[in-house]
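Inside the fold
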Amino acid sequence: MPQKLSAVIITYNEEKNIERCIKSLTDWVDEIIVVDSKSTDSTPEICKKYPVKFISVDWMGYGPTKNFGAENAANEYILSIDADEAISAELKDSILKEKNKGFEGVYSFNRLTSFCGKWIKHGDWYPDTKDRIYPKSISWNASAVHEDLLIPPDCKKNHLKGDLLHYSYYQKEDLIKKYLKYAELGAADRKGKSKPYLLFKAISSPIFYFIKNYFFKRGFLDGKQGFFVNAYGSYYTFLKYKLAFKPTSK
């Protein structure tokens, strides 16, 4: 007997993306929950055109907001998807096969990201494997950035064919803005580390990042877009350690 699946989307001012995301889920996901953090654009109006459970809350952080959405789900298994993502046809088929068999454990799949209209298929950006289908007994951590599921060591892990399509960066400025935001959040996770450690990482990590991803993981094959995303990824790696030097404001 097919097992029911609830999709959880967290949003804030996602009018550019949310409709595409919801459309990739309708007709095959049993429940769609949107947890919106008081959007000031047309995100709520767009969501309410579709059969979704729309919940408006104050922002709690990435992991806690996703946990809140899962707690409000009617079904045991959760599909976590961001507003700027969509399920590809191949991934949908893979999920439906597991849904019909009955889910067991946690499911991951690769995420393929578009940058300025080009799919980035090398370097640090692909395969960008994400754990996204899980039983609601498992929670997300409270990390300020790059939240992860707290998966028990004895939990079965599965990987599905097909890509999660990520439409986050329409222009270079979108990536720059996001990296600056994430650098500040990443620095918050590194507060309290020793200054020698932070200095060493600020110098070594950006160099290692660029060499590894642009050369060894063939980021150069993505052309000028590949150079930009790897160069700016290197700068982001530097910045999150640099900002950790700042004293915490009282």
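Residues numbered from 1 in each chain as written. Predicted model: local features only at pLDDT ≥ 70, side-chain atom pairs only at ≥ 80, totals over all residues. Heavy atoms only, no water.

The contact between helix H5 (residues 172–190) and helix H7 (residues 223–242) brings their axes to 8 Å, and the two run at 25°. By the angle class used here, H5 and H7 are roughly parallel. Pair H5 / H7 crosses with right-handed handedness. Seen from H5, the contacting residues are Lys172, Leu175, Ile176, Tyr179, Leu180, Tyr182, Ala183, Gly186, Ala187 and Arg190; seen from H7, they are Phe228, Val229, Tyr232, Gly233, Tyr236, Leu239, Lys240 and Tyr241. (Axes fitted to C-alpha atoms, helices over the stretch in contact; angles between N-to-C directions. Helix = DSSP H or I, 4+ residues; strand = E, 2+ residues; numbered from the N terminus. Parallel < 35°, antiparallel > 145°, perpendicular 65-115°, else oblique. Left-handed = near helix turned anticlockwise from the far one by under 90°. Contact = heavy atoms within 4.5 Å.)

Looking now at the environment of Ile9. Position of Ile9 among the secondary structure elements: in strand S1 (residues 5–11). For Ile9, a relative accessible area of 0% corresponds to the buried category. Ile9 sits 50 residues away from Trp59 along the chain, and the two C-alpha atoms are 13 Å apart. Residues contacting Ile9, with those up to four places away along its chain left out, are Ile18, Cys21, Ile22, Leu25, Ile32, Ile33, Val34, Val35, Ile81, Asp82 and Ala83. (Buried < 20%, exposed > 50% of the residue type's maximum accessible area, 1.4 Å probe, protein only.)

Turning to its location among the elements, Lys38 is positioned in the loop between strand S2 (31–36) and helix H2 (43–47). Spatially, the C-alpha atom of Lys38 lies 6.5 Å from that of Asp58, the residues being 20 residues apart in sequence. If we skip the residues at most four places from it in the chain, Lys38 touches Tyr12, Ser56, Val57 and Asp58. Side-chain polar atoms of Lys38 contact the side chain of Asp58, separated by 2.9 Å. (Polar contact = N/O pair within 3.5 Å; in protein donor to acceptor, adjacent residues only side chain to side chain.)

The next thing to look at is the nonpolar core. Counting 37 residues, the largest nonpolar core has Phe115, Trp125, Tyr134, Leu175 and Tyr179 as the members making the most contacts within it. Among the elements that take part in this core, H7 stands out by supplying 6 residues, more than any other. Discounting chain neighbours no more than four positions away, the residues touching Leu175 are Phe115, Trp125, Tyr169, Phe228 and Val229. Membership of the second largest hydrophobic core comes to 28 residues, among which are Ala83, Ile95, Phe103 and Ile133. (Core = buried A, V, L, I, M, F, W, Y, C linked by side-chain atoms within 4.5 Å.)

Now for the side chain of Asp128. Tracing the chain through its elements places Asp128 in strand S8 (residues 128–135). Owing to a relative accessible area of 17%, Asp128 belongs among the buried residues under this scheme.

Within the secondary structure, Gln225 is located in helix H7. Given a relative accessible area of 18%, Gln225 falls into the buried group.

The interhelical angle for the contact between helix H6 (residues 195–216) and H7, taken along N-to-C directions, is 165°, at an axis separation of 8 Å. Judged by the inter-axis angle, H6 sits roughly antiparallel to H7. Between H6 and H7 lies a crossing whose hand is right-handed. On H7, the residues that touch Tyr197, Leu198, Lys201, Ala202, Ser205, Pro206, Ile207, Tyr209, Phe210, Asn213 and Tyr214 of H6 are Gly226, Phe227, Val229, Asn230, Ala231, Gly233, Ser234, Thr237, Phe238 and Tyr241.

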